[in-house]
Amino acid sequence: MYRLKHNISSTLGLIILYIHITDTRSSVINDLALGFTRLPFNKSYYINHKPYNLPLEERYSFINGVHKLWVFSTDEPLSRCSPTLPRSELFINGYIYFTGVWQFEAHVFVPNGTTGVSLMQVFGGYPHVTNTTLMVRVYDGNLYYYKYEVISSDMYDKWFRLNVIRDVEGDTVNVYINGVLKFEGQGRGGAMHYFKCGVYAQDQDSYYMESRWKHINIYKKSK
Ligand SMILES: *[C@@H]1O[C@H](CO)[C@@H](O)[C@H](O)[C@H]1NC(C)=O
Ligand SMILES: *[C@@H]1O[C@H](CO)[C@@H](O)[C@H](O)[C@H]1NC(C)=O
Ligand SMILES: *[C@@H]1O[C@H](CO)[C@@H](O)[C@H](O)[C@H]1NC(C)=O
């Protein structure tokens, strides 16, 4: 009896140990926050960029934790003399960085029809045509690294998780969709960096552009 009990309990123990190991392994793969510290994020950490001549509520709402940003291709830029195209973006000015490893995370929704637009930027870099290290753009439902390379296809009308990790000293920028590494890129120069998200017209942009964002988190790699 003792022996049987012992065998059962050690078998159970092994099963539990096995479950624990496999569980830990998969969470290591998917847990992009591992080794990072999550920083505070609320309204004090961002400002809105929007057509200069319009009140914010005509191009942005924040309801039930969802930031909704939209813009029309005929809108004005963010300031009167700016040569840039229209945008409605969150500029995460609370975390401007020059060194270190930083991570942006959010759940994103892009409605069918929104195209020719940057959804997310890592600001800082040359050439001055964009001044960015990274743009995640959408063209016809596919996410792109600028207009160079597809990051992920068929992304309209669904929530997905976007993680972007910028390693300044390592000079890399990596993009994860739903926890899976989909793009590995290089830096593009520029000393000062920060994250932006929303809609920023680029080329062949649709008349109406919109994206929605929730669970925005900013992380910094622990020393
Ligand atoms: C935002 O977070 C900071 C840091 O946790 C806190 O000091 C501040 O009061 C918060 N502000 C708002 C508007 O919630
Ligand atoms: C997007 O809308 C167009 C036009 O209504 C439709 O043909 C297309 O199938 C839609 N795409 C998706 C991914 O729903
Ligand atoms: C990039 O930066 C340069 C120099 O500050 C500026 O003249 C230019 O307008 C910027 N371009 C964009 C697209 O923001």
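Details of the structure are given in the entry above.
Note that the coordinates shown come from a computational prediction; the quantities given were computed from them, not determined experimentally. (Residues numbered from 1 in each chain as written. Chains lettered and ligands numbered in written order. Predicted model: local features only at pLDDT ≥ 70, side-chain atom pairs only at ≥ 80, totals over all residues. Heavy atoms only, no water.)

Asks: Just checking my understanding: could you explain the environment of L56 for this structure?
Replies: Tracing the sequence through the fold places L56 in the loop between strand 2 (47-49) and strand 3 (60-63). What makes L56 partly exposed here is its relative accessible area of 27%. When the C-alpha atoms of L56 and L69 are compared, they prove to be 9.8 Å apart, with 13 residues separating the residues in sequence. Setting aside anything within four residues of it in sequence, one finds L56 in contact with N48 and K50. (Helix = DSSP H or I, 4+ residues; strand = E, 2+ residues; numbered from the N terminus. Buried < 20%, exposed > 50% of the residue type's maximum accessible area, 1.4 Å probe, protein only. Contact = heavy atoms within 4.5 Å.)

Asks: Where do I start with the packing of aromatic side chains in this structure?
Replies: Within a pair of aromatic rings, the relevant descriptors are the distance that separates the centres and the angle that separates the planes. Applying the stated criterion across every chain yields a total of 18 aromatic pairs. On the numbers, 6.5 Å between centres and 75 degrees between planes, the contact of F36 with Y219 is edge-to-face. Of this pair, F36 sits in strand 1 (residues 36-39) while Y219 sits in strand 15 (residues 208-221), and the two are 183 residues apart along the sequence. The class for Y219 is buried, based on a relative accessible area of 7%. Taken together, a centroid distance of 5.3 Å and an interplanar angle of 55 degrees make the contact between F72 and Y208 tilted. One end of the pair, F72, is in strand 4 (residues 66-72); the other, Y208, is in strand 15, and 136 residues separate them in sequence. Take Y208: its relative accessible area is 28%, and that puts it in the partly exposed class. An aromatic cluster of at least three residues, connected via ring pairs, comprises Y45, Y95, Y97, W102, F104, F195 and W213. Its end group placed over the ring of W70, K68 keeps NZ or CZ at 5.4 Å from the ring centre. The ring of Y200 has R87 lying over it, and the distance from NZ or CZ to the ring centre is 3.8 Å. (Phe/Tyr/Trp six-rings, centres within 6.5 Å; stacked < 30°, edge-to-face > 60°. Lys NZ or Arg CZ within 6 Å of the ring centre and 35° of its normal.)

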